[in-house]
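# Chain and residue survey
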Amino acid sequence: MKTLHIEALEAFRQKDYTTAARKWIQGHSLPENTEELNEIYLWVNSQNEISPNADLCAILGLIALDHHEIFTDDREKALIQCIEWSSLGITIDPEHYLCLRHAGSAFYWLSRWEEAAPYYEKAVSLFPLPALQVRLFNIRNKNLPVPDFTQFKIETETTDAMEVYNAGVEINSLLRQFPQMPDSEKERLIQFKRGCYTKAYHLYHKTIVEKQGDPLNNDPHTFAMCCNNLAIELTDQRNYDEAIAVTTKGMEYSYFMYILQNRFSAYLEGGYLKEALMDGEQLMDDFMNVMDTETYFNIADHLCNGYIEMNDYEAAMDWLNAGLETYHSLEVTDPMISDPEVIRCFTNFHINKAKAEAALGIQPDVAEASDEADKILEEMPDNPSLLINRSNMFLQEGEHTKAFECLQYALHFASEQNKIRSIQVALYNMGYIQVVHFQDETAALESFEQSIAFGNEDFWCYYWAVHCSYHLQENGKTVSYGMLALEVLPQQDNVAEDIIAEIYEHIGTSQIDLGQYGKAAENLTRSLQYNPSKIAEDNLKTAEAESIRNSSGGFFKKLFGK
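In this text the structure is predicted, and so the values were computed from the model without any measurement. (Residues numbered from 1 in each chain as written. Predicted model: local features only at pLDDT ≥ 70, side-chain atom pairs only at ≥ 80, totals over all residues. Heavy atoms only, no water.)

The next subject is the overall build of the protein. Of the regular secondary structure elements, the protein holds 27 helices and zero strands. Relative to the compact-globule value of 24 Å for 562 residues, the protein shows a C-alpha radius of gyration of 34 Å, a clear excess of over 25%. Seen along its three principal axes, the alpha-carbon backbone of the protein occupies a region of about 115 × 70 × 45 Å. Within the protein, contacts between residues separated by at least 24 positions form 58% of all contacts whose residues are at least 6 apart in sequence. For the protein, the exposed area adds up to about 28200 Å²; of that, 49% sits on carbon and sulfur atoms. (Helix = DSSP H or I, 4+ residues; strand = E, 2+ residues; numbered from the N terminus. Rg over C-alpha atoms; globule rule 2.2 N^0.38 Å. Contact = heavy atoms within 4.5 Å. Areas by Shrake-Rupley, 256 points an atom, 1.4 Å probe, with all protein chains shown as cover.)

Taking 1.5 Å per residue, 17 residues should reach 24 Å; helix α21 (residues 420–436) reaches 24 Å between its end C-alpha atoms and fits that length. Taken across its 17 residues, α21 has twelve buried, putting it largely inside the fold. Along α21, the residues classified as buried are Ser-422, Ile-423, Gln-424, Ala-426, Leu-427, Tyr-428, Asn-429, Met-430, Gly-431, Ile-433, Gln-434 and Val-435. Contact partners of the buried residues in α21: α19 (384–396), α20 (400–416), α22 (441–453) and α23 (459–471). (Expected span 1.5 Å × (residues − 1). Buried < 20%, exposed > 50% of the residue type's maximum accessible area, 1.4 Å probe, protein only.)

Mapped onto the elements, Leu-230 comes out in helix α11 (residues 220–236). Relative accessible area serves as the criterion here: at 6%, Leu-230 is assigned to the buried category. Leu-230 sits 167 residues away from Glu-397 along the chain, and the two C-alpha atoms are 53 Å apart. Beyond its immediate stretch of four places on either side in the chain, Leu-230 contacts Tyr-197, Thr-198, Tyr-201 and Val-246.

With that settled, consider the confidence of the model for the protein. Here the protein shows a mean pLDDT of 90. Residues at 70 or above account for 94%. Segment residues 554–562: pLDDT under 50, and three contacts once partners within four positions in sequence are set aside and those in other chains are kept. (pLDDT = per-residue confidence, 0-100.)

Take the pattern of salt bridges next. Enumeration over the complete set of coordinates arrives at 17 salt bridges. Residue Lys-122 is joined to Glu-95 by a salt bridge in which the shortest nitrogen-to-oxygen separation is 3.4 Å. With Lys-122 in helix α7 (residues 113–126) and Glu-95 in the loop between α5 (75–92) and α6 (97–109), this residue pair connects regions lying 27 residues apart in the sequence. Linking Glu-163 and Arg-101 is a salt bridge whose minimum nitrogen-to-oxygen distance equals 2.3 Å. You can see Glu-163 sitting in helix α9 (residues 161–177) and its partner Arg-101 sitting in helix α6, a full 62 residues away along the chain. The same class applies to Glu-163 and to Arg-101, which are both buried. Several salt bridges share partner residues, and in doing so they unite Lys-193, Arg-194 and Glu-233 into one network. (Salt bridge = Lys/Arg side-chain N within 4 Å of Asp/Glu carboxyl O.)

Printed below as a string of structure tokens:
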């Protein structure tokens, strides 16, 4: 980009204004330094006043569109000035593409779309670049509540990476503006958008990375922006590895918060937890002071959850304490204090704090924690997760009835809000209290079964369903839930061997009652392999004896027809 600027500056000095305009405008290489840009503006404007030239008008038009602060703080005044310069250029050269485009864009941003249309139409007739085609579609359908997207068509046969990238951005705006468009057309526009980003990426890559493409595409920052947007699409398509590679490449040329944030998301969704945590820490280190409140809480929540998943409870404690401290520092008038995403993260911090403290052997002050929870519930009385957390505190205090009532409220609000995971947990916890503290196995089984019906596939939920079914002599359910518990056992850490033995024993014993003696013997044998048990030994003898007796009966029946 610096090379293009130097070449454009040299062309200008040589009065080759066409080359200067091409490199500065189509190469997007005007300097970012305000003093340097102001100097160029003064030179170009002075020369244009002496001898008006369409290329000089185009350069001035771009400055008015993108850098108006050089000569005025009034954006509208700058757009009107752009129209004046562009009109002068068109008078000199009626088919000057850049002047036509700038005039159209100035009218477009002034919301004078009818006046923008003829300039854009003329520009597209000269160079059918896709971004202007999208804007023309907007203009032609501006009075329709939902445009006819079957008429949406763009041509992307161009070597201008910025143009095709901008087309993708414009299409994305259409998708956000009209979420109610038919699904078939939405999918078609999404494919157009992805195609634009992909083509722009390859055009930029060829120039910037491979050093073989059009020099006008030598724009490292926009390449990184393209990488960022393309990575979002790839992540949506679950192409996580490619999204990670694209963002990583983009960051080599321009490093900013959103591109790192999107690689962080790709690592998370792709299951690369260690790498995601590294990116999350880097986001906080490099961009904490510029990110919005919701983004901060979201990243802190992911870091906390990730460290807990990796059993690094000290790191999790650092982030959840930072999150809690930040939340409590918010002013009561700050709307973010009641933002649903912020509340979700805040709730998770409280729940994860209990998990981390338990894992680290930290004995919290139950009374202090309960008081804090009650204060929070006064502000958020319908938060199911907080109610579940408060129920756990009541259990620690030995208040079993209050704990159960808290879960009933949690279940009520979770059902109203369709929070499925909270419904699952509330029902499971209710079942646990019913079986352990109320000794009501019938009610407990019903709670565990409801939790399972809502999609709970947790090992311990199946285990307690087995336990209750067995003691209620529900043999079929014992076998069914026992098999489900064994299926998910590999995903559950730290299950003692006597628990596994108990599940096999309950399955085998129930199968004896169901007359499934061969299967019963197999499961009782497995039970004994995990843990010796008199019940399992005795029932294994019964199963084997019944299995032999039934096999013998079958043999003699076949032999003698009896």
